[in-house]
Amino acid sequence: EPEVTQTPSHQVTQMGQEVILRCVPISNHLYFYWYRQILGQKVEFLVSFYNNEISEKSEIFDDQFSVERPDGSNFTLKIRSTKLEDSAMYFCASSAGALATYSNQPQHFGDGTRLSIL
Amino acid sequence: GQQVMQIPQYQHVQEGEDFTTYCNSSTTLSNIQWYKQRPGGHPVFLIQLVKSGEVKKQKRLTFQFGEAKKNSSLHITATQTTDVGTYFCAGPKTSYDKVIFGPGTSLSVIP
């Protein structure tokens, strides 16, 4: 079964440094998402991306965050100047269609990247 | 902004007992999705409900979507140790792709 893959599985970074989290969505999927989950807490939406542009973003997704689809397969999340509170598990997800539709368009999640800011 | 709430936060049951988690949104949802996350794992899609009043079953799991499309429930009959994990409801607002997850209900099953 096709999977969403994320690298690295664990990233340790000094506060203030830039970090890039990488994701390879399922190949025929058109919609891409980033979420974060602070340990023991709920999954928080960051951003959705379709047709090479951001379609929705949350209040968390401020100017320090950016997303890119640099080629036909990768989808990246960049945090420009990391803060201690950015420490979390970051999940990438993809879906074949839009989520707010009346057809069954599930999101498939990757295993996540655990980001630890020191 | 839109809020999605779930109760209870935690539930400990004896194996074989039933379990129910309830989900409420402050706004109407175009659909409701349910996910299961095992400890240390990632959310795994279980089901999507679209129609007002819809009920769907998956083996021992029964999912309901409320008439007003603002609440939902997941019921597990005769829990097993493999049911352990956190169950999240999630929903996009009508016509938006911003999916809001509930805080989850963490289920423990005592063998």
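Note: the structure precedes this text.
None of the values given here were measured: they were computed from a predicted structure.

Participant: Quick one: what's the story with the overall build of chain A, residue by residue and with numbers?
Facilitator: Regarding its fold elements, chain A presents 0 helices and 11 strands. In chain A, the succession of α and β elements from N to C terminus is β-β-β-β-β-β-β-β-β-β-β. The C-alpha radius of gyration computed for chain A amounts to 14 Å, which stays within 12% of the reference 13 Å derived for 118 residues, consistent with globular compactness. In terms of overall dimensions, chain A has C-alpha extents of about 40 × 30 × 30 Å along its principal axes. Burial analysis of chain A (118 residues in total) assigns 47% to the buried set. Taking all contacts inside chain A whose residues are at least 6 apart in sequence as the whole, residues at least 24 apart take part in 55%. Taken as a whole, chain A presents about 5900 Å² of accessible surface, with 46% of it coming from carbon and sulfur.

Participant: Pulling in residues and values, what's your account of the interface of chain A and chain B?
Facilitator: In this assembly, 26 residues from chain A lie in contact with 23 residues from chain B. Buried surface at the junction of chain A and chain B, summed over both partners, amounts to about 2000 Å²; 55% is from carbon and sulfur atoms. Inspection of the region where chain A meets chain B yields 3 residue pairs in polar contact (both at pLDDT 80 or more). Within the residue set of the side of chain A that touches chain B, elements represented by two or more residues are β4 (31-37), β5 (44-50) and β6 (53-57) of chain A. With 4 residues, β4 of chain A is the largest single contributor of residues to the side of chain A that touches chain B. The residue makeup of the side of chain A that touches chain B, split by class, is 12 nonpolar, 9 polar and 5 charged.

Participant: Before we move on, can you summarise the packing of aromatic side chains with the specific residues and values?
Facilitator: All names here are of chain A. In the structure shown here, the tally under the stated rule is 17 aromatic pairs over all chains. Ring centres of Y35 and F109 lie 5.3 Å apart, and the angle between their planes is 35°; on these two criteria the pair is classed as tilted. Of the two residues, Y35 is situated in strand β4 and F109 in strand β10 (residues 108-109); the sequence distance between them amounts to 74 residues. Of the residues examined, Y35 reaches a relative accessible area of 0% and is grouped as buried. Looking at F109, the relative accessible area reads 6%, which means it is buried. For the pair F91 and F109, a centre-to-centre distance of 6.1 Å together with 80° between the ring planes defines the contact as edge-to-face. Taken as a pair, F91 in strand β9 (residues 88-95) and F109 in strand β10 lie far apart in primary sequence, 18 residues in all. Of the two residues examined, F91 and F109, each falls in the buried class.

Participant: So what about the layout of surface pockets? Which residues, and what values?
Facilitator: Within this model, the largest pocket holds a volume of roughly 480 Å³. Q37, G40 and Q41 of chain A together with Q37 and T86 of chain B are the residues nearest the centre of the largest pocket, which is lined by 25 residues in total. Counting only elements with at least two residues in the lining of the largest pocket, the list comes to β9 of chain A together with β9 (85-92) and β11 (105-110) of chain B. When the residues that make up the lining of the largest pocket are grouped by side-chain class, the tally is 10 nonpolar, 12 polar and 3 charged.

What counts and what doesn't
Residues numbered from 1 in each chain as written. Chains lettered and ligands numbered in written order. Predicted model: local features only at pLDDT ≥ 70, side-chain atom pairs only at ≥ 80, totals over all residues. Heavy atoms only, no water. Helix = DSSP H or I, 4+ residues; strand = E, 2+ residues; numbered from the N terminus. Rg over C-alpha atoms; globule rule 2.2 N^0.38 Å. Buried < 20%, exposed > 50% of the residue type's maximum accessible area, 1.4 Å probe, protein only. Contact = heavy atoms within 4.5 Å. Areas by Shrake-Rupley, 256 points an atom, 1.4 Å probe, with all protein chains shown as cover. Buried area = accessible area lost by both parts, 1.4 Å probe. Polar contact = N/O pair within 3.5 Å; in protein donor to acceptor, adjacent residues only side chain to side chain. Nonpolar A, V, L, I, M, F, W, Y, C, P; charged D, E, K, R; others polar. Phe/Tyr/Trp six-rings, centres within 6.5 Å; stacked < 30°, edge-to-face > 60°. 1 Å grid on protein atoms, 1.4 Å probe; cavity = no way out; pocket = protein on both sides within 12 Å on 5 of 7 lines; lining within 4 Å. Points joined across faces, edges and corners; volume = space filled by probe spheres on them.

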